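Structural features, examined
Take a look at the letters that make up each chain.
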Amino acid sequence: MTRFDLQGGDCDPDVFRVAAHEAGHAIATVLSGLQVLEIKIWWTSRTDFGGFVRTADYDTTDRDLLNGSLTTSMAGHEAEGLWLTRYQNFSSHRAALRTYRASCEHDLRLFREERRLGKALLTETAARARAHSQLIAHWHRVERLVDRLVRTRHLTTV
Ligand SMILES: [Zn+2]
């Protein structure tokens, strides 16, 4: 079981940004043939907010699934960047990613741990690129999920 976490800190606790981050993980999970068990977001103050996506265990000897999971790890931050560029006036996706770099630290740790499980797996750059194009192709699903997440805060289906 994997949890993709995003923890609050000094950055703006924009609930839509958090929801977009978790929705990105969730949509990429499904597109990679993996299973989402739970998605949750919360915000109680400017410094206490966050979210996570919990996914089912999978066969880590399957290289395609492993690459899918690596892509999923990067999809939260990528979705956040796409959301900020579209709705919060960031000049570029790159600038948005840089500003909210802290929100992917946990994901990057998971990515590095998981990447040790196999050989010749996607690099961070390649996994990000794959997540990015998946999210653009399925952006309507990300938007729908953000909407549901913001309203319910907790989902067990995507
Ligand atoms: Zn994340």
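As a starting point, this report considers the structure included with it.

Calculation rules
Residues numbered from 1 in each chain as written. Predicted model: local features only at pLDDT ≥ 70, side-chain atom pairs only at ≥ 80, totals over all residues. Helix = DSSP H or I, 4+ residues; strand = E, 2+ residues; numbered from the N terminus. Rg over C-alpha atoms; globule rule 2.2 N^0.38 Å. Buried ≥ 20, exposed ≤ 12 C-beta atoms within 10 Å, placed from the backbone. Core = buried A, V, L, I, M, F, W, Y, C linked by C-beta atoms within 7 Å. Contact = placed C-beta atoms within 7 Å. Axes fitted to C-alpha atoms, helices over the stretch in contact; angles between N-to-C directions. Parallel < 35°, antiparallel > 145°, perpendicular 65-115°, else oblique. Left-handed = near helix turned anticlockwise from the far one by under 90°. Nonpolar A, V, L, I, M, F, W, Y, C, P; charged D, E, K, R; others polar.

**Things to note about the overall build of the chain**
A tally of regular secondary structure across the chain gives 6 helices and 4 strands. Sequence-ordered secondary structure for the chain, helices as α and strands as β, is β-α-β-β-α-α-α-α-α-β. For 158 residues, the compact-globule estimate of 2.2 N^0.38 gives 15 Å, and the chain sits close to it at 14 Å. Each principal axis of the C-alpha atoms in the chain carries an extent, and together these give about 40 × 30 × 30 Å. Here the chain holds 158 residues, and 42% of them are scored as buried.

**Let's talk about the nonpolar core**
Within the largest apolar cluster, 34 residues are counted, with the highest numbers of intra-cluster contacts made by A23, A79 and V142. Looking at this core, the element that brings in the most residues is helix 2 (residues 63-87), giving 8 residues. Excluding its chain neighbours within four sequence positions, the residues that come into contact with A79 are A20, H21, A23, G24, L135 and V142.

**Focus on the packing of helix 2 against helix 4 (residues 105-115)**
Across the interface, helix 2 lies against helix 4 with an axial gap of 9 Å and an inter-helix angle of 170°. Classified by the angle their axes make, helix 2 and helix 4 are roughly antiparallel. Along this stretch, helix 2 crosses helix 4, giving a crossing that reads as left-handed. Residues L66, S69, L70, S73, M74, G76 and H77 of helix 2 pack against D107, L110, F111, E114 and R115 of helix 4. Considering only residue class, the contact of helix 2 with helix 4 consists of 5 nonpolar, 4 polar and 3 charged.

**Here's the deal with the packing of helix 1 (residues 15-31) against helix 2**
Helix-helix packing is characterised by the crossing angle of the two axes and by the distance between the axes. In the contact formed by helix 1 and helix 2, the axes pass within 7 Å of each other and the chain directions differ by 140°. The angle between helix 1 and helix 2 places the two elements in the oblique class. Remark: the crossing between helix 1 and helix 2 carries right-handed chirality. Listed contacts from helix 2 to F16, R17, A20, H21, E22, A23, G24, H25, A28 and T29 of helix 1 are T71, T72, A75, G76, H77, E78, A79, E80, W83 and L84. When the residues that make up the contact of helix 1 with helix 2 are grouped by side-chain class, the tally is 8 nonpolar, 8 polar and 4 charged.

Treat this as a map of the structure, not an account of what it does.
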